[in-house]
Amino acid sequence: MHLLDGKQLAATIREETAQAVEEFVSRHGKRPGLAAVLVGDDPASHIYVKNKRKACEKVGMASWLHSLPASTPQAELLQLVQKLNQDPQVHGILVQLPLPKHIDEATVVRAVSPLKDVDGFGPENLGLLAAGHPRYLPCTPHGCQQLLLRNNIEIDGANVVIVGRSNIVGKPLALILMQKAKGANATVTVCHSRTRDIPHWTRQADIVVVAIGRPRFLTADMIRPGAVVIDVGINRLEDGSLVGDVDFEPVAKIASAITPVPGGVGPMTIAMLLHNTLCAARLQIEQRS
Ligand code: GUN
């Protein structure tokens, strides 16, 4: 069994990005910058945003944090997004999800300027991806694709089964892997809470991706020997330990390759966010000059 080490690969991608950032700075005299917006006090979201900003620093990007109380009215959040849309130093805007219940996420996501939408969640970037002309790929699914490709796992022609149809992971991952493009061309099946017999589908897969947020959901009897398993889940158990959506030890015994949790997909999400922010800076500077 081969461990798909996302921590190591994310460090490699960060080094590549850091070099590209320095080239960008010497060419344009400006530093790519990411503005993170955090609303409320969800502890997991605070950690994610802290790690995203730390990663920006590591690669020489500017980063700003706008931390707002949970009671912030939607109109105020929209005003902040508008201000960031107009700020020429800000190339990428990241509104950490989930947002407090009184705020409509779709409205906020749509308010982010499409060229600054480095999460790739907005309708323009999702539409471009669905139409086969991607601009910014959503970070977690893009990280899954990179983990496969850079470990020489063939996606072309593979049977990929994704468990989970979220807008953040499952749905965009299906769009990415079914693209008519190098590093994609997979036959993709998406299973979800209303799928009749999930093990029937996962057992056919060359590559299984699980992203449903249920601790140790994928068990060893649900995969075929030699399958590749990508675990997008991060679940905190009552005893404080972190586990993925995959029952790691038994599944690792029969998989040919598997991602650990933590240290698998998580660090890749952040690496791809940096990649998108650099792309965003390039697009915006080149558009203006
Ligand atoms: N919440 C969980 N994953 C993500 C992500 O990739 N981006 C943002 N903005 N929020 C998230």
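Residues numbered from 1 in each chain as written. Predicted model: local features only at pLDDT ≥ 70, side-chain atom pairs only at ≥ 80, totals over all residues. Heavy atoms only, no water.

Visitor: Before we go on, may I ask you to explain the sheet that holds strand 8 (residues 228-231) in this structure?
Guide: Each strand in a sheet pairs with another by means of backbone hydrogen bonds, the pair being arranged parallel or else antiparallel. Reading across the sheet, the 6 strands line up as 1-11-8-7-5-6 and stay open at both edges, with parallel pairing between neighbours. Strands at the two margins of the open sheet, each flanked by one partner only, are strand 1 (2-3) and strand 6 (187-191). Judged from the 2 bridges that link them, strand 8 and strand 11 (residues 257-258) form a sheet pairing that is parallel. Paired with Val-229 across the bridge in strand 11 is Ile-258. Together, strand 5 (159-163), strand 6 and strand 7 (207-210) form the strand contacts of helix 7 (residues 170-177), whose direction differs from that of strand 5 by roughly 165 degrees. (Pairing = 2+ DSSP bridges. Helix = DSSP H or I, 4+ residues; strand = E, 2+ residues; numbered from the N terminus. Contact = heavy atoms within 4.5 Å. Axes fitted to C-alpha atoms, helices over the stretch in contact; angles between N-to-C directions.)

Visitor: Looking at this model, I keep getting lost on a positive patch on the surface. Mind explaining?
Guide: Together, Lys-7, Lys-50, Lys-54 and Lys-58 line one region of the surface with positive charge. Counting residues per element, the positive patch draws most heavily on helix 2 (residues 43-58), which supplies 3 residues. Positionally, Lys-58 belongs in helix 2. You can call Lys-58 exposed: its relative accessible area is 57%. (Patch = residues over 30% accessible without salt bridge, like charges linked within 9 Å, V, L, I, M, F, W, Y side chains within 5 Å. Areas by Shrake-Rupley, 256 points an atom, 1.4 Å probe, with all protein chains shown as cover. Salt bridge = Lys/Arg side-chain N within 4 Å of Asp/Glu carboxyl O. Lys, Arg positive; Asp, Glu negative; His and termini not counted. Charge placed at Lys NZ, Arg CZ, Asp CG, Glu CD. Buried < 20%, exposed > 50% of the residue type's maximum accessible area, 1.4 Å probe, protein only.)

Visitor: Just checking my understanding: could you explain the packing of aromatic side chains for this structure?
Guide: One pair of aromatic rings is described through two measures. These are the centre distance and the angle between the planes. What the rule picks out here adds up to 0 aromatic pairs. Positioned above the aromatic ring of Tyr-136 is the side chain of Arg-135, whose terminal nitrogen or guanidinium carbon lies 6.0 Å from the ring centre. (Phe/Tyr/Trp six-rings, centres within 6.5 Å; stacked < 30°, edge-to-face > 60°. Lys NZ or Arg CZ within 6 Å of the ring centre and 35° of its normal.)

Visitor: Explain a nonpolar patch on the surface to me, please; I cannot follow it from the model alone.
Guide: A cluster of nonpolar residues, Tyr-48, Ile-234 and Leu-242, forms a patch on the protein surface that exposes about 240 Å² of accessible area. Tracing the backbone shows Leu-242 in strand 10 (residues 242-243).

Visitor: Would you take a moment to explain the pairing of strand 3 (residues 62-68) for this structure?
Guide: Residues in a regular strand point their side chains to alternate faces of the sheet. Looking at chain direction, strand 2 (residues 33-39) and strand 3 are connected through 7 bridges and run parallel. Paired with Val-37 across the two strands is His-66, which belongs to strand 3. On the question of chirality, the crossover connecting strand 2 to the parallel strand 3 by way of helix 2 is right-handed. (Right-handed = clockwise from strand over helix to strand, strands pointing away.)

Visitor: Is there a simple way to think about the pattern of salt bridges in this case?
Guide: When the charged atoms of two side chains lie near each other, side chains of opposite charge can form a pair. Within this structure, the stated rule accounts for 4 salt bridges. Across the salt bridge formed by Glu-124 and Arg-135, the nearest N and O atoms sit 2.8 Å from each other. Here Glu-124, found in helix 5 (residues 123-130), pairs with Arg-135, found in the loop between helix 5 and helix 6 (139-149); they are 11 residues apart in sequence, far enough to count as distant. The shortest N-O distance in the salt bridge between Arg-224 and Asp-206 comes to 3.0 Å. Remark: Asp-206 occurs in the loop between helix 8 (198-202) and strand 7 and Arg-224 occurs in the loop between strand 7 and strand 8; sequence separation between them is 18 residues.

Visitor: Honestly, the site of the ligand in this entry has me stumped. Any pointers?
Guide: Close contacts around the ligand come from Lys-52, Leu-94, Val-95, Gln-96, Leu-97, Asp-119 and Phe-121, and that covers them all. Between the ligand and Val-95, the relevant distance is 2.9 Å, taken from a nitrogen atom to a main-chain nitrogen or oxygen of the residue. Isolated, the ligand exposes 280 Å² of accessible area, and the fraction of that covered by the protein chains is 84%. Of all the cavities here, the one that holds the ligand is the largest pocket. (Near = heavy atom within 4 Å. Polar contact = N/O pair within 3.5 Å; in protein donor to acceptor, adjacent residues only side chain to side chain. 1 Å grid on protein atoms, 1.4 Å probe; cavity = no way out; pocket = protein on both sides within 12 Å on 5 of 7 lines; lining within 4 Å. Sits in = over half its atoms within 2 Å of the grid points.)

Visitor: Before we go on, may I ask you to explain the pairing of strand 5 in this structure?
Guide: Summarising burial for strand 5: 4 of the 5 residues are buried, a large majority. Bridge count for strand 5 against strand 6 is 5 bridges, and the pairing is parallel. Across the sheet, the residue bridging to Val-161 is Thr-189, located in strand 6. Taken together, strand 5, helix 7 and strand 6 constitute a β-α-β crossover, and its handedness is right-handed.

Visitor: It is not clear to me how the nonpolar core should be interpreted in this structure. Could you clarify?
Guide: Ranked by internal contacts, the top residues of the largest apolar core, which has 55 residues, are Val-160, Ile-207, Val-209, Ile-230 and Val-232. With 11 residues, helix 10 (residues 265-288) is the single largest residue contributor to this core. For Ile-207, the contacting residues outside a window of four places in its chain are Leu-148, Ile-153, Glu-154, Ala-158, Asn-159, Val-160, Val-161 and Val-228. Core analysis: the next-biggest nonpolar cluster, separate from the first, contains 19 residues, Val-37, Val-95, Leu-99 and Phe-121 among them. (Core = buried A, V, L, I, M, F, W, Y, C linked by side-chain atoms within 4.5 Å.)

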